[in-house]
Structures are given as structure tokens and as C-alpha cells.
Amino acid sequence: ADKKNLSDVLNKPKLNKDDIIYLLNLTDEKDISELIRKADSVRKEYCGDEVHLRGIIEFSNYCEQDCLYCGLRKSNHQLERYRISPDEIIETARKISSAGIKTVVLQSGEDFYYKKEVVTNIIRNIKAACDVAITLSLGERNFDEYYEWKSAGADRYLLKHETANEKLYSALHSHQKLEERLTHLKYLKSIGFQAGSGNIIGLPGQTIEDIADDILLCKEFDCDMCSFSPFIPSPETPMKSIPPADLKLTLKTMAVARIVLKNVHIPATTALSTLSPEGRKLGLTVGANVIMPNFTPDEYKDKYRIYANKKTYDPVKYVEDLKQMIHSMGRKIGTDKGHSLKKNY
Ligand code: SAM
Ligand code: SF4
């Protein structure tokens, strides 16, 4: 029988894998509340009360990869594909900036149609037009591309490791290996990108131990941003019959991640708000300090179908509602770029 005492574990300066597994396995409501209170206090101590908004543009749903879980996978022939022109991407970035948001996230499938120079020009133009940080989330690209985009002014790169379980990773990705992905992450960090990683919770065959490894991998890689998001099935993928992730496990994972990782940015994800109508608010109470409102223009939004029932909304109105919610929670909106908490960027 487990003889651990919850308060003792929560007050340890450094949690080991056993401690993390113990916390992820908590079932008693009072224990879970204590875990969440601790996560919230660590968030307050290391990140303050600011919630950073990042405006995201999903500029292409073409993808060369075939990740089993994702609706954008190459083999999904039911999906109508789109590409947004560089001019429209830059115009959308201006809208994000006008809404008072100081980070623009450019996200797409792995779409090499946007060549190195095309992305470089988009970065330069956005930087010239708006006072914003730029986060790229374009999947695995070439090292010389990463290098040039960093030099052109991009600040951050999101490339989730998805799962730290090598076998599971290979089963979900027909042509990719976990090791490769981690090499990319290391390279991104080495050239000065603020790097984001993270997992998907609720993958078939994934164990609590795997999730503990996901948190520890983010620690080992000294990630600046870490996203722990629930799996939501897409009816257009082979994983259509896999149930969505458990809400409680997702929230516990975020809370434990906050306690272990401390000075990192953790988003309350869109997937979490798809899993539960209160998702974003719940996320902010269990350690999250980032929200990424979606500014993808309306005509494309429905086609960026990673999974079913993704929330769509008018971003400007949504940001107003978010501000109210955030203030009502005694928190505030971040007014600067919300760079990494780890170095002086
Ligand atoms: N193609 C880029 C990449 O994979 O890094 C960026 C876009 S991809 C859609 C962004 C993230 O979506 C992935 O890192 C993955 O974790 C997440 N994702 C894909 N399918 C999902 C699903 N069914 N449920 C939850 N998250 C999913
Ligand atoms: Fe493509 Fe990214 Fe989806 Fe994988 S997760 S299929 S790389 S868009």
C-alpha cells in the first residue's frame, strides 16, 4: 500500500518520477483540490497573476505527415485544403496586434509549399508592421530554415514531443521517430528559440507512467513553454472510436506539470475548452497562464479540423469576454510580450 503523505510530497523541493505518478493517480476529491491549490500557488509565485494572450493564425491545413490522431493528416481525403496568402497572413497579424495582443502564433500542417524564403518574408513583414513576438508552429522543418527564421526575427517555436513513449510515438507516426523530434527540439533551443513542447493526454495504450515521463522530458529539455492537452477524436481519422481524454486526468497533469516545471508558460488549450465548456477557466485555475485566441479568418476556420467540434468564435469579442473572465478570477491580462520566464529575452 502507498504510504505517501500528500502534503509531504507537495512540499518536496524536487519531485521524482514516483512522486509524480502518485500525484497523477490521486482520486480523492479533497486530495485533488489540495494538488490544485498547490499548483495555483506555484503559478502565482513563478508567473504572477498575468495571463498572456497569443493570437493564432492557422495559415495552412495541408500536411505531409500522417499522424494517426490528427484530422489534418495527409490521408484524410475528406478535408478540403486551404492555404492563406502571405498578404492575408500579415493582414491577420495586424488584426491580432490591433486587438492589443503581443504574440502572433503562425501554425500549419507540415507544408513545404511555404518555402524558407516565403516564411522569412512573412516574419520580416509582420515584425516591421507590428510590435509583436512571433511563435512558429510549422512542424518539423529543415535546420537551415529554423536558423534563417530565427535570424529574421522569429522568437519562439512550438514542437510538441506528443508522447515520451518511443513505441507509442512510432505507432502513431508512420515515418517519424521520437529521437528525431527531440533532435529538432534541441536544435531549436541551441539557436536561441524559446522552445515549446508537450504531450497529448489520453492516447491509446498511454499509461500514467508515460505521462510522468512527458512532464520529466519537458523538465530535462528545459522547455520555455509546455502544453499538456487532451486527445479529442476526429471522425476523419483511424482514431475516430478512441474516447476523448479524461478531463480530471488532464487537469491533474497540468497541475503536476506546473508544480514540477515551475517557471514555464502553460496554456489552457483549445482542446481543453473543447473537452469541457468551462475548460479554459478550469485550466487557468490548475496552473495555466496562457490562452491562445484563434484569429484564423472565418472562411478557413472550419477547415482547420484537427478534431471534431473545435470551438469557433469571433476573436475580438472573445478577447473581450476573456478579459472579463480573467479579471473576475482576480487575474490580469499580460501587457508585454510574455517572453520565456527563464532568461532575459
Ligand atoms: N503540424 C504542426 C505540428 O504537428 O507540430 C502544427 C499543427 S498540429 C495540428 C498542432 C498540435 O495539434 C500537435 O502538436 C498535436 O499535439 C495536436 N493534435 C493533433 N491532433 C489532435 C487531437 N486529435 N487531439 C488533441 N490534439 C491534437
Ligand atoms: Fe500534420 Fe501536425 Fe496534424 Fe501531424 S499533428 S498530421 S504534423 S498537422
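Residues numbered from 1 in each chain as written. Chains lettered and ligands numbered in written order. Predicted model: local features only at pLDDT ≥ 70, side-chain atom pairs only at ≥ 80, totals over all residues. Heavy atoms only, no water.

Attention shifts here to empty space enclosed by the protein. Counted by the stated rule, this structure contains 3 cavities of 30 Å³ or more. Taken as a whole, the second largest cavity holds about 60 Å³ of empty space. Looking at the second largest cavity, the residues that line it are H52, L53, R54, G100, I101, K102, I333, G334, D336, K337 and G338. Classifying every residue of the lining of the second largest cavity by side-chain character gives 3 nonpolar, 4 polar and 4 charged. (1 Å grid on protein atoms, 1.4 Å probe; cavity = no way out; pocket = protein on both sides within 12 Å on 5 of 7 lines; lining within 4 Å. Points joined across faces, edges and corners; volume = space filled by probe spheres on them. Nonpolar A, V, L, I, M, F, W, Y, C, P; charged D, E, K, R; others polar.)

Neighbouring residues of ligand 2: C63, Q65, C67, Y69, C70, L72, R73 and G109. Each residue belonging to the shell around ligand 2 can be placed in one class, and the counts come to 5 nonpolar, 2 polar and 1 charged. (Near = heavy atom within 4 Å.)

What follows deals with the packing of aromatic side chains. Each aromatic ring pair is characterised by the separation of its centres together with the angle its planes make. This model, assessed by the stated rule, comprises 9 aromatic pairs. Following the ring pairs from residue to residue traces out a cluster consisting of F143, Y146, Y157, Y187 and F193. (Phe/Tyr/Trp six-rings, centres within 6.5 Å; stacked < 30°, edge-to-face > 60°.)

Taken together, 16 residues surround ligand 1, and among them Y69, S108, K160, E162 and I232 come closest. Here a nitrogen atom of ligand 1 sits 2.9 Å away from a polar atom, N or O, in the main chain of Y69. Across the complex, the protein chains shield 91% of the 550 Å² of accessible surface that ligand 1 would expose by itself. (Polar contact = N/O pair within 3.5 Å; in protein donor to acceptor, adjacent residues only side chain to side chain. Areas by Shrake-Rupley, 256 points an atom, 1.4 Å probe, with all protein chains shown as cover.)

Take the sheet that holds strand 2 (residues 55-60) next. Strands sit in the order 2-3-4-5-6-7 across an open sheet of 6 strands; the sheet is parallel. Both outer strands of the open sheet, strand 2 and strand 7 (225-230), are each paired with one neighbouring strand and no more. Pairs of neighbouring strands in the sheet enclose a mean axial angle of 20°, with direction left out of account. Pairing geometry for strand 3 (residues 103-108) and strand 4 (residues 133-137), over 5 bridges, is parallel. Note on strand 4: the bridge partner recorded for V105 is T135. (Pairing = 2+ DSSP bridges. Helix = DSSP H or I, 4+ residues; strand = E, 2+ residues; numbered from the N terminus. Axes fitted to C-alpha atoms, helices over the stretch in contact; angles between N-to-C directions.)

Strand order across the open sheet formed by 3 strands is 8-1-9, with parallel pairing between neighbours. Every interior strand has two partners, whereas the edge strands, strand 8 (290-291) and strand 9 (332-333), have only one. Inspection of the sheet shows strand 1 (residues 50-53) paired to strand 9 by 2 bridges, in the parallel sense. Across the sheet, the residue bridging to V51 is I333, located in strand 9.

Using the criterion set out here, one finds 26 salt bridges in the structure. Linking R305 and E236 is a salt bridge whose minimum nitrogen-to-oxygen distance equals 2.9 Å. Within this pair, whereas R305 is found in the loop between helix 13 (298-301) and helix 14 (315-328), its partner E236 is found in the loop between strand 7 and helix 10 (247-261), the two being separated by 69 residues in sequence. By relative accessible area, which is 16% here, E236 ends up buried. Here D321 and K317 are joined by a salt bridge, their closest N and O atoms 3.0 Å apart. (Salt bridge = Lys/Arg side-chain N within 4 Å of Asp/Glu carboxyl O. Buried < 20%, exposed > 50% of the residue type's maximum accessible area, 1.4 Å probe, protein only.)

With respect to the helices, strands and loops of the structure, S234 is situated in the loop between strand 7 and helix 10. Those residues in contact with S234 that lie beyond four places of it in its chain are G71, K240, I306, Y307 and A308. (Contact = heavy atoms within 4.5 Å.)

A negative phi angle characterises most non-glycine residues, just as the trans form characterises most peptide bonds. In this model, E162 sits at a positive phi of 70°, which is unusual for a non-glycine residue. Here E162 shows up in the loop between strand 5 (156-158) and helix 7 (166-172). Positive phi is not limited to glycine here, since K262 has a value of about 60°. Residue position: K262 is located in the loop between helix 10 and helix 11 (270-275).

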